[in-house]
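Chain residues, written in single-letter form:
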Amino acid sequence: MDASGPRVCDDMTVEVALSVMAGARVQYLLVCDGDDESTGSITRAQLAGLRDSSAYTDRMRLRDILGGHSVRPFPFSL
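It should be emphasised that the depicted structure is a prediction, and the values quoted were computed from it without experimental measurement. (Residues numbered from 1 in each chain as written. Predicted model: local features only at pLDDT ≥ 70, side-chain atom pairs only at ≥ 80, totals over all residues. Heavy atoms only, no water.)

Caption draft 1: Molecular detail of the pattern of salt bridges. Here the structure, examined in full by the defined rule, presents three salt bridges. Its salt-bridge partner being D36, residue R7 comes within 3.0 Å of it at the nearest N-O pair. One end of the pair, R7, is in strand β1 (residues 7-9); the other, D36, is in the loop between β2 (28-32) and β3 (38-43), with 29 residues separating them in the sequence. (Salt bridge = Lys/Arg side-chain N within 4 Å of Asp/Glu carboxyl O. Helix = DSSP H or I, 4+ residues; strand = E, 2+ residues; numbered from the N terminus.)

Following this line, the structure appears as structure tokens:
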């Protein structure tokens, strides 16, 4: 994975993240916390799967799913 991908804050909603991915024509986003520290990456497929699950709400933010299996830690530091 390339460290030059779009970076987003973890307070972004899943719907907005999917929209950013579509607009940027990318398959993943790099996720940062409020201190601009890299916390992981998430793919379009992971977000789409989450959106289709029964646990999904339109208020769900990326930080809400950071502890689960939906976000993969960076194999590098930015």
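Moving on from the model shown.
Caption draft 2: Examining the nonpolar core more closely. With 16 residues, the main nonpolar core has V14, L29, I42, L47, L62 and I65 as its most contacted residues. Listed by contribution, the elements that provide at least two residues to this core are α1 (14-24), β2, α2 (44-51) and α3 (62-65). Counting residues per element, this core draws most heavily on α1, which supplies four residues. (Core = buried A, V, L, I, M, F, W, Y, C linked by side-chain atoms within 4.5 Å. Buried < 20%, exposed > 50% of the residue type's maximum accessible area, 1.4 Å probe, protein only.)

Honestly, that's just the spatial picture; any functional story needs more than this.
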